[in-house]
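Per-entry structural report
Residues per chain are reported as follows:
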Amino acid sequence: MAVSFSLEGKVALVTGASYGIGFAIASAYAQAGATICFNDIKQELVDKGLAAYKELGIEAHGYVCDVTDEAAVNAMVAQIEKEVGVIDILVNNAGIIKRIPMCEMTAEQFRQVIDVDLNAPFIVSKAVIPAMIKKGAGKIINICSMMSELGRETVSAYAAAKGGLKMLTKNICSEYGQYNIQCNGIGPGYIETPQTAPLREIQPDGSRHPFDQFICAKTPANRWLKPEELTGPAIFLASNASDAVNGHILYVDGGILAYIGKQPQ
Ligand code: NAP
Ligand code: GCO
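None of these values were measured; they are calculated from a predicted model.

**Here's the deal with the environment of I186**
Relative to the helices and strands, I186 resides in strand β6 (residues 181-188). Residue I186 is classed as buried on the basis of its relative accessible area of 0%. A C-alpha to C-alpha distance of 28 Å links I186 and E108, two positions 78 residues apart in sequence. Setting aside chain neighbours within four positions, we find I186 in contact with I141, N142, I143, C144, S145, L230, P233, A234, L237, I249, L250 and V252.

So this is what it looks like as structure tokens:
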């Protein structure tokens, strides 16, 4: 059997992919041959996304859909299956973060993060799995985080959700591996996107944000990563080349998880 990284003839749904990591992954999938479907919460974002894909020569299919709304997700998946075809590859990418010290965070704020970052991957996966079973194959890729393994001040809800997403990944693998469905995660390190922009803001005195300096010091690569650097691993996990890889979290972090930190000079 020849190893293939091609996604020719595949239909991919990448959630929350108008920009950022989702956009980079979906664009790379299109270049590898896949037909791209994506969603976002607002029409304005979907339109922006469609225009951005078009600029790259990609005819993507865009849908307005809140991934936390089960009825809306089921309707979107049914529409994609009818208009485009069975979803071969799902990337659960849509996510939010709230950086609030735990004791100052309301239960409602905690729930909002869990809802988008953990409940939604459950809802969207559940919507696509039945057709994958019928087809006899499927790939689900959950976008996890450093916070699937590590904690830090102010991100309790996000860490709880991304830790949970790591285990949901292993459970989908356990439950549906028998149907030739592979469910894996990608755990990005610190990536330059709007989500992390507040951590990289130049300070009023012109200096770099202390968190920016902290992250570079924590990363053996000594820099932030770009969304495009996640695309090779994302193609691998969506392609037949990874058919025997299941329930795995592939950390793409420039070495953060391997590193104890800079020794004192
Ligand atoms: P981003 O720039 O904030 O993009 C996330 C996208 O998801 C946005 O388009 C957002 O729309 C959309 N979204 C949020 N809630 C949604 C909902 N309920 N329904 C549909 N779409 C929704 O984030 P990113 O940095 O590209 O991150 C993408 C994923 O990677 C997230 O799961 C994030 O946790 C994860 N991640 C990011 C990093 C990093 O360093 N950037 C590292 C590790 C993991 P709005 O603009 O309307 O909110
Ligand atoms: C934070 C960051 C992180 C990253 C990412 C790390 O505030 O610490 O936003 O959580 O976005 O998920 O992998």
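**Remarks on helix α3 (residues 70-83)**
The end-to-end C-alpha distance of α3 is 20 Å, a good match for the 20 Å that 14 residues give at a rise of 1.5 Å each. Restricting attention to buried positions, one finds in α3 the residues V73, M76, V77 and I80. Relative to the axis of α3, the buried residues are bounded by an arc of 95 degrees and lie together on one face. Pointing more than 90 degrees away from the buried face of α3 are the exposed residues A71 and K82. Between the side-chain oxygen at the start of α3 and the backbone nitrogen of A71 there is a gap of 3.2 Å, and the oxygen is on D69. Phi turns positive, to about 140 degrees, at G85, one or two residues after α3.

**Examining the layout of surface pockets**
Take a probe with the size of a water molecule and roll it over the atoms, and the empty space left behind shows itself. When its volume is computed, the largest pocket comes out at roughly 900 Å³. In terms of lining residues, the largest pocket is bounded by 39 residues, among which N93, A94, G95, I96 and Q195 are the most central. Mapped onto the lining of the largest pocket, the elements with two or more residues apiece are α1 (20-31), β2 (35-40) and α5 (156-176). The element best represented in the lining of the largest pocket is α1, accounting for 3 residues. Among the residues making up the lining of the largest pocket, the classes are represented as 21 nonpolar, 12 polar and 6 charged.

**Overview of the sheet that holds strand β7 (residues 249-252)**
The 7 strands are arranged β3-β2-β1-β4-β5-β6-β7 in an open sheet whose pairing can be described as parallel. The two strands at the open ends of the sheet, each matched to only one other strand, are β3 (61-64) and β7. Between one strand axis and the next, the sheet turns by 20 degrees as a mean value, whatever way the strands run. As paired elements, strand β1 (residues 11-15) and β2 share 5 bridges and run parallel to each other. Opposite V14, over in β2, you have F38 as the bridge partner. Its contacts with the sheet put α1 on β1, β2, β4 (89-92) and β5 (138-143), and the angle it makes with β1 is roughly 170 degrees.

Calculation rules
Residues numbered from 1 in each chain as written. Chains lettered and ligands numbered in written order. Predicted model: local features only at pLDDT ≥ 70, side-chain atom pairs only at ≥ 80, totals over all residues. Heavy atoms only, no water. Helix = DSSP H or I, 4+ residues; strand = E, 2+ residues; numbered from the N terminus. Buried < 20%, exposed > 50% of the residue type's maximum accessible area, 1.4 Å probe, protein only. Contact = heavy atoms within 4.5 Å. Expected span 1.5 Å × (residues − 1). Arc of directions from axis to C-beta. Polar contact = N/O pair within 3.5 Å; in protein donor to acceptor, adjacent residues only side chain to side chain. 1 Å grid on protein atoms, 1.4 Å probe; cavity = no way out; pocket = protein on both sides within 12 Å on 5 of 7 lines; lining within 4 Å. Points joined across faces, edges and corners; volume = space filled by probe spheres on them. Nonpolar A, V, L, I, M, F, W, Y, C, P; charged D, E, K, R; others polar. Pairing = 2+ DSSP bridges. Axes fitted to C-alpha atoms, helices over the stretch in contact; angles between N-to-C directions.

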